[in-house]
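Chains, contacts and geometry: an overview
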Amino acid sequence: MDFQLNEEEQAVVEMCTQFGETEITPRIRELEDAHELPRDVLKKMADLGLLTMTISEEDGGSSLGPLAYALAIKSIAKADAGLAVTMSVTNMVIEAIRKFGRPEQYNKYIPQLASGDMIAAAFALTESMAGSNPMEMRTKATIDPNDGDYFLLNGEKIFISHGDASGIIIVMAKTDPALGGRGITAFLVEPEDEGFAVGKKEEKMGILTSSTVSLNFDNCRVHKSRILGELGKGLNIAFSSLDSGRIGISAQAIGIAEAAFEAAASYATERFQSGKKIIEHQGIQFKLADMLTKLNACRMMLYQAVSLKAAGQPFTQEAAMAKLFCTENCNQITYDAIQVFGGYGYIKEYPVEKYYRDARINTIYEGTSEIQKIVIGRGIMNSFSQ
Ligand SMILES: Cc1cc2nc3c(=O)[nH]c(=O)nc-3n(C[C@H](O)[C@H](O)[C@H](O)COP(=O)(O)OP(=O)(O)OC[C@H]3O[C@@H](n4cnc5c(N)ncnc54)[C@H](O)[C@@H]3O)c2cc1C
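Residues numbered from 1 in each chain as written. Predicted model: local features only at pLDDT ≥ 70, side-chain atom pairs only at ≥ 80, totals over all residues. Heavy atoms only, no water.

**Side note on the overall build of the protein**
Cut-off, in case you're wondering: Helix and strand assignments follow DSSP, with helices taken as H or I runs no shorter than four residues and strands as E runs no shorter than two, numbered in order from the N terminus. Type-normalised accessible area, obtained with a 1.4 Å probe on protein chains alone, sets the label of each residue: buried when under 20%, exposed when over 50%, and partly exposed for intermediate values. Note on contacts: a residue pair qualifies if any of its non-hydrogen atoms lie within 4.5 Å across the two residues. Accessible surface area values rest on a Shrake-Rupley calculation with a 1.4 Å probe, where residue burial reflects the displayed protein chains alone. We treat Lys and Arg as the positive residues and Asp and Glu as the negative residues; His and chain ends play no part in the count. Here the site of a charge means NZ on Lys, CZ on Arg, CG on Asp, or CD on Glu.
What the protein contains, in helices and strands, is 11 helices and 10 strands. Its C-alpha atoms put the protein at 80 × 55 × 40 Å along the principal axes. The buried share of the protein, reckoned over its 386 residues, is 53%. Counted over contacts in the protein with a minimum sequence separation of 6, partners at least 24 positions apart contribute 72%. Just so you have it, the protein exposes about 17,100 Å², and 52% of that area is on carbon and sulfur atoms. Here the protein contributes 38 positively and 50 negatively charged side chains, and the mean placements of these two sets differ by 5 Å.

Written out as structure tokens, the structure is:
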């Protein structure tokens, strides 16, 4: 495997790093304290093509391949994981619309995201009684008795990232509850749709620049032309989207971990205790060595999943392994970074407490670590069953 970045990938890293250093990091306290999605920053990210990196140039996007995309997410996450998750979910949603949608569907939304007229796209699967197991969802879509061309959606989705700022939302609903998983359909819901409302906005521990809201559907009228893919194939779309999404979350976790490691290594060369720099104490040096080794292993896991995706090969198991490994290690690395900083690490004036807060969600959304193990385990069973 070739680990050298090509010129385009290198340029993407430089562009995103510079964007983070100039547009995000200097304002990060202000952006976090606002507890709002920073629309102005997202607009600039759209202008740079960061919201359509999973769409080819031919289709109006800015794709330079899956590795360039993962590197872009990682580089933005180094500055702020909240913005990186908006970028990741938006790219995941538009990729699904391109992959499963009809031309009139993706030709409507891609230009809006590319121009920044739309600053986010959302994915609504989770419900209060259906988290890890989406088959238990209660949101239903039934044919409008007054007009057979429309569906009426009823139910509530919770914990939806930037559901309050998205111009398009993929919503999963049961069209035939008797069929279980095969009775779930994906709908393209727009915020202007009759019967759609944004509900509770959550207060969170981390990723404060990403909003997390519930969405209410009260006889929400959606034309049948806004079914994404085929009737009853929603769960396939959800699982396929999450495979790609997990690459994004792995990259995000690596970005946070990289930022935490660099902050810790740099602090360790400046801070003196007992007459020497703390990096000269073997206990701290070994901790940094462990952090960097884990970080490097995370990069390899991500590269493997990305290279399979780029080659058009199945990558479900590799994406699940990357997400499991990168997100768990991201938590450990940010924990250790605070330890290297000592008491200062716990203080907001220093950067590592944010990394620690932002790390925590990664083992939970887009499938918890336990669910990744189920996905990996299922792959093992399939491979070894006679
Ligand atoms: C900030 C944030 C943003 C989010 N963004 C989105 C979004 O944009 N769109 C969206 O649809 N959802 C989103 N989610 C929801 C997220 O994906 C779910 O929270 C997650 O899938 C877990 O579901 P749950 O919270 O209901 O936990 P549960 O499913 O209740 O799980 C609780 C615990 O039980 C474990 N568990 C559950 N089932 C099993 C099993 N079969 N075997 C072993 N262990 C199991 C879990 O791993 C977990 O540890 C978001 C959540 C948060 C907090």
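Having seen the structure, we can now continue with the description.
**Some remarks on the site of the ligand**
To keep things clear, this is the line we draw: By convention in these notes, a residue is near a molecule or strand provided one of its non-hydrogen atoms lies within 4 Å of it. N or O atoms within 3.5 Å of each other form a polar contact, as long as, within protein, one can give a hydrogen and the other can take it, and as long as residues adjacent in sequence are counted only when both atoms are side-chain atoms. Each residue receives one of three labels: charged for Asp, Glu, Lys and Arg, nonpolar for Ala, Val, Leu, Ile, Met, Phe, Trp, Tyr, Cys and Pro, and polar for the others, Gly being one of them. Boundaries between domains were set according to an automatic or database domain assignment.
Looking at the ligand, there are 19 residues lining it, with Thr126, Ser132, Phe159, Thr368 and Glu370 nearest. Within the side chain of Thr126, an N or O atom sits 2.7 Å from a nitrogen atom of the ligand. Taking 970 Å² as the accessible area of the ligand by itself, protein coverage stands at 64%. Of all the secondary-structure elements, those providing two or more residues to the shell around the ligand are β1 (121–124), β3 (150–161) and α11 (369–384). It is β3 that contributes the most residues to the shell around the ligand, three residues altogether. Its residues placed into classes, the shell around the ligand shows 10 nonpolar, six polar and three charged. Of the residues that make up the shell around the ligand, three or more belong to each of domain 2 (123–232) and domain 3 (236–384).

**What about the state of the cysteines?**
Put simply, the rule reads: What counts as a disulfide here is a pair of cysteine sulfur atoms lying within 2.5 Å.
Taken as a whole, this structure holds zero disulfides when the rule is applied. The structure places no disulfide on Cys16, whose sulfur is separated from the nearest cysteine sulfur, that of Cys326, by 18 Å.

**Quick notes on the nonpolar core**
Applied cut-off: Buried residues of nine kinds, namely Ala, Val, Leu, Ile, Met, Phe, Trp, Tyr and Cys, make up a nonpolar core once their side-chain atoms join them within 4.5 Å.
Formed by 101 residues in total, the largest nonpolar core has its most connected members in Ile76, Ile97, Phe123, Ile170 and Met172. The leading source of residues in this core is helix α7 (residues 234–268), at 19 residues. Excluding residues that lie within four positions of it along the chain, Ile97 makes contacts with Gln105, Tyr106, Tyr109, Ile168, Ile170, Leu188 and Leu228. In this structure, Ala122, Phe151, Phe196 and Phe217 belong to the second largest nonpolar core, which totals 18 residues.

**Re the pairing of strand β4 (residues 168–174)**
Heads up, the rule is: Any two strands with at least two DSSP-identified bridges between them are counted as paired.
Judged by how many residues are buried, β4 sits mostly within the fold: seven of seven residues are covered. On β4, burial covers both faces: Ile168, Ile170, Met172 and Lys174 on one face and Ile169, Val171 and Ala173 on the other are all buried. Bridging between β1 and β4 involves four bridges; their strand directions are parallel. When the bridges of β4 are listed, Ala121 appears paired with Ile168. For β4 and strand β5 (residues 184–189), the ladder comprises six bridges, and the chain directions are antiparallel. Of the residues in β5, the one forming a bridge with Lys174 is Ile184.

**Looking at the packing of aromatic side chains**
As a reminder, the rule being used: Pairing of aromatic rings covers Phe, Tyr and Trp, the last through its six-membered ring, and needs centres within 6.5 Å; plane angles under 30 degrees mean stacked, over 60 mean edge-to-face, and all others mean tilted.
Counted according to the given criterion, the structure contains six aromatic pairs. Centre to centre, the rings of Tyr267 and Phe341 are 4.2 Å apart; their planes meet at 15°, and the pair counts as stacked. Of this pair, Tyr267 sits in helix α7 while Phe341 sits in helix α9 (residues 316–341); the two residues are 74 residues apart in sequence, bridging distant segments of the chain. For Tyr267, a relative accessible area of 10% puts it in the buried group.

**Overview of the domain arrangement of the protein**
Rules: Buried area is a sum: the accessible area each of two parts loses on coming together, probed at 1.4 Å, counted once for each and added. Basic side-chain nitrogens of Lys or Arg form a salt bridge, by our definition, when they fall within 4 Å of a carboxyl oxygen of Asp or Glu.
Each assigned domain of the protein is listed with its residue range as follows: domain 1 (7–119), domain 2 (123–232) and domain 3 (236–384). One C-alpha centre belongs to domain 1, the other to domain 3; they are set 21 Å apart. If you look at the interface, domain 1 gives 23 residues, while domain 3 gives 28 residues. Here domain 1 meets domain 3 over a buried area of about 2,000 Å², counting both sides, of which 64% is carbon and sulfur. The interface formed by domain 1 and domain 3 holds seven salt bridges in total. Taking the shortest distance from any N to any O, the salt bridge between Lys354 and Asp80 comes out at 2.6 Å. For the interface between domain 1 and domain 3, the tally reads nine residue pairs in polar contact (both at pLDDT 80 or more). Breaking the side of domain 1 that touches domain 3 down by element, the ones donating at least two residues are α2 (28–34), α4 (66–79) and α5 (81–100).

**A few points about the side chain of Ser241**
Here Ser241 lies in helix α7. The buried category is assigned to Ser241, whose relative accessible area is 4%. With residues near it in sequence (within four places) discarded, Ser241 still touches Met92, Ala96 and Phe123.

**Topic: α9**
The α-helix advances 3.6 residues per turn, and as a result positions three or four apart in sequence lie on the same side. Test applied: For a helix, the expected span equals 1.5 Å multiplied by the residue count minus one.
The end-to-end C-alpha separation of α9 is 37 Å, in line with the 38 Å expected for 26 residues at 1.5 Å each. Remark: Gly342 follows α9 within two positions and exhibits a positive phi of approximately 65°.

**What about the environment of Tyr69?**
Positionally, Tyr69 belongs in helix α4. Taking the relative accessible area as the measure of exposure, Tyr69 reaches 6% and is therefore buried. The spatial distance from the C-alpha of Tyr69 to the C-alpha of Pro103 is 23 Å, given a sequence separation of 34 residues. When near neighbours in sequence (up to four residues on either side) are disregarded, Tyr69 contacts Met53, Thr54, Met87, Ser88, Asn91 and Met92.

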